[in-house]
Amino acid sequence: MTDADIEMVVAMIRPDKLGAVKQALAEAGAPSLTVTQVSGRGSQAAKKGQWRGEEYVVDLLQKVKVECVVADTPTDDVVEAIREAAHTGEKGDGKIFVLPVSDAIQVRTGERGPDAV
Ligand SMILES: Nc1ncnc2c1ncn2[C@@H]1O[C@H](COP(=O)(O)OP(=O)(O)OP(=O)(O)O)[C@@H](O)[C@H]1O
Ligand SMILES: [Mg+2]
């Protein structure tokens, strides 16, 4: 195991930005990722609407969560690649979080640490 840090970049993005984000990650040298459909909310208040006389509240919006564990690719490059690709400038563009990862194990080879990432 080398002394390189392992980190996980977790990004909640607009679903229609997934293609651009995937491409940007590949170009940044970090093609591996996990994608999950999620719903969530940020800092804006819930929106009220009417449908057939019934009032409904939209407080959770569909987003896509992209998880990307990186070791030898500088985390800031990955964060910036996602941010650029996911950006529109409008509210709801998403959030990116960076978390420490204590270890990684490649199932096929048994390799551990940054080399397993
Ligand atoms: N603090 C948070 N904790 C967990 N998830 C968050 C947090 N902030 C945002 N998210 C997730 O990111 C998604 C997009 O958030 P969003 O971009 O609307 O954040 P925001 O803070 O409201 O910024 P903006 O004002 O640009 O809309 C949310 O739907 C939610 O899934
Ligand atoms: Mg918001």
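Definitions and limits used
Residues numbered from 1 in each chain as written. Chains lettered and ligands numbered in written order. Predicted model: local features only at pLDDT ≥ 70, side-chain atom pairs only at ≥ 80, totals over all residues. Heavy atoms only, no water. UniProt positions renumbered as here; feature names shortened; annotations may be inferred. Helix = DSSP H or I, 4+ residues; strand = E, 2+ residues; numbered from the N terminus. Buried < 20%, exposed > 50% of the residue type's maximum accessible area, 1.4 Å probe, protein only. Contact = heavy atoms within 4.5 Å. Core = buried A, V, L, I, M, F, W, Y, C linked by side-chain atoms within 4.5 Å. Near = heavy atom within 4 Å. Polar contact = N/O pair within 3.5 Å; in protein donor to acceptor, adjacent residues only side chain to side chain. Areas by Shrake-Rupley, 256 points an atom, 1.4 Å probe, with all protein chains shown as cover. Nonpolar A, V, L, I, M, F, W, Y, C, P; charged D, E, K, R; others polar.

Draft legend 1. Summary view of the UniProt feature "modified residue: O-UMP-tyrosine" (unreviewed entry) in the protein chain. Feature annotation in UniProt assigns "modified residue: O-UMP-tyrosine" (unreviewed entry) to the following positions: Y56. Take Y56: it is sitting in strand 4 (residues 54-58). Classification of Y56 as partly exposed rests on a relative accessible area of 39%.

Draft legend 2. Seen up close, the side chain of R14. Along the chain, the position of R14 falls in the loop between strand 1 (7-13) and helix 1 (18-27). What makes R14 buried here is its relative accessible area of 18%. Not counting chain neighbours up to four residues away, the residues in contact with R14 comprise K63, T88, E90, K91, G92 and D93.

Draft legend 3. Representation of the side chain of T75. The residue T75 is located in helix 2 (residues 75-86) in this model. Since its relative accessible area comes to 14%, T75 is described here as buried. Those residues within four positions of T75 in sequence are excluded, and the remaining contacts are E7, V9, V70 and V98.

Draft legend 4. Structural context of the nonpolar core. With 18 residues, the main nonpolar core has I13, V78 and I82 as its most contacted residues. No other element matches the six residues that helix 2 contributes to this core. Dropping the residues within four chain positions of it, V78 is found in contact with V9, L25, A30, C68, V70 and T73.

Draft legend 5. Just the site of ligand 1, in detail. Within the structure, ligand 1 sits among 13 residues, and S43, Q44, G92, G94 and K95 are positioned closest to it. Within the contact set of ligand 1, an oxygen atom lies 3.1 Å away from a backbone nitrogen or oxygen of R41. One of the side-chain nitrogen or oxygen atoms of K95 is found 2.8 Å away from an oxygen atom of ligand 1. For ligand 1, the accessible surface in isolation is 610 Å², of which the surrounding protein chains cover 69%. With three residues, strand 6 (residues 94-100) is the largest single contributor of residues to the shell around ligand 1. Across the shell around ligand 1, the residue classes break down as two nonpolar, six polar and five charged.

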